[in-house]
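# Remarks on the overall topology
These are the residues of each chain, in order.
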Amino acid sequence: MCNLALNFIRDCTSPLHAKLDKDSLLSKIARADCSYAEYQMAMCGLARAYQQIDIALLAGAPYCPAGLPSYVARVPFLLADLQQMGITSPAVPDSLLTPPSNCASYLGMRYVIEGANLGAKVIAINLSRSGISTQIMLANSFWSNTNPWQNCWPIMVRMLAVLQSRAEIAQSAWAARLTFRHFINCLLPQKE
């Protein structure tokens, strides 16, 4: 079955996804040789990013289509990990992430978030093999495969298939691009 929305969104976000995979703090912790300091910086960046993502997606809850599980806020899990490392909550980024204004934009944002969960599984495997695995208590962390948001990707793909009009697909792709840009803003190493 051809999923026009999925293919279009994937094509529209591919360069942003590649930038995040190649240059972000997450790319450093996806390697087995990441340092504890790199891990701490990545977790602070994720917490910064999810502070606004949580707000936006929770505000957009009325646009979550039936059949897609409700969005589960990630910040409490990230803050617990930061607290375990002795790090206080990072400041919220300056740019505001716009909450979804319809089902299409909600699905665009969730496309990025649910796709990130697939990447998180790879990161968790690499972290378990890293030299810092004993320091980060992986089994009880944000990366744990027992978190309540796991395994939404197949449902997400089915939900995107219901977007039929060009306008809906474009809105969804626009929201996905904004979400990727937000992650890039929060997760690319800051230049001094």
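Our structure's up above, just so we're on the same page.
Calculation criteria
Residues numbered from 1 in each chain as written. Predicted model: local features only at pLDDT ≥ 70, side-chain atom pairs only at ≥ 80, totals over all residues. Heavy atoms only, no water. Phe/Tyr/Trp six-rings, centres within 6.5 Å; stacked < 30°, edge-to-face > 60°. Helix = DSSP H or I, 4+ residues; strand = E, 2+ residues; numbered from the N terminus. Buried < 20%, exposed > 50% of the residue type's maximum accessible area, 1.4 Å probe, protein only. Core = buried A, V, L, I, M, F, W, Y, C linked by side-chain atoms within 4.5 Å. Contact = heavy atoms within 4.5 Å. Salt bridge = Lys/Arg side-chain N within 4 Å of Asp/Glu carboxyl O. Lys, Arg positive; Asp, Glu negative; His and termini not counted. Polar contact = N/O pair within 3.5 Å; in protein donor to acceptor, adjacent residues only side chain to side chain.

## Examining the packing of aromatic side chains
With the rule as written, the count across this model stands at 4 aromatic pairs. Ring centres of Tyr50 and Phe183 lie 5.5 Å apart, and the angle between their planes is 80°; this geometry places the pair in the edge-to-face category. Placement of the pair is Tyr50 in helix α3 (residues 36-59) and Phe183 in helix α7 (residues 166-187), with a sequence separation of 133 residues. Consider the rings of Tyr111 and Trp153, whose centres lie 5.6 Å apart with planes at 50°: the pair is tilted. Of the two residues, Tyr111 sits in helix α5 (residues 103-128) while Trp153 sits in helix α6 (residues 153-160), which places them 42 residues apart along the sequence. The residues Tyr111 and Trp153 share a single accessibility class, namely buried.

## Topic: the environment of Leu78
Looking at where Leu78 falls in the secondary structure, it is placed in helix α4 (residues 75-84). Look at Leu78 and you get buried, because its relative accessible area is 0%. Once the C-alpha coordinates of Leu78 and Met43 are considered, the two residues, 35 residues apart in sequence, prove to be 7.1 Å apart.

## Focus on the nonpolar core
Core analysis: the largest hydrophobic core is formed by 60 residues, its most contacted members being Leu46, Tyr50, Tyr111, Leu127, Trp143 and Phe183. Residue assignment for this core shows that the elements contributing at least two residues are α1 (4-23), α2 (25-29), α3, α4, α5, α6 and α7. Those residues in contact with Leu127 that sit more than four places away from it in its chain are Ile29, Cys34, Tyr39, Ile132, Ser133, Ile136, Leu138 and Trp143.

## A short note on the pattern of salt bridges
Summed over the entire model, instances satisfying the criterion amount to 5 salt bridges. Of the charged contacts in the structure, one is a salt bridge between Glu38 and Arg31, with a shortest N-O distance of 3.8 Å. One salt bridge in this structure joins Glu114 and Arg110, with 2.8 Å as the shortest N-O distance. Highlighted residues: Glu114 and Arg110, both in helix α5, separated by 4 residues, approximately one helical turn.

## Some points on the side chain of Arg74
Residue placement: Arg74 occurs in the loop between α3 and α4. As a buried residue without a salt bridge, Arg74 has its nearest oppositely charged side chain in Glu114, at a separation of 4.1 Å. Of note is the side chain of Arg74, whose polar atom sits 2.5 Å from the backbone oxygen of Val72.

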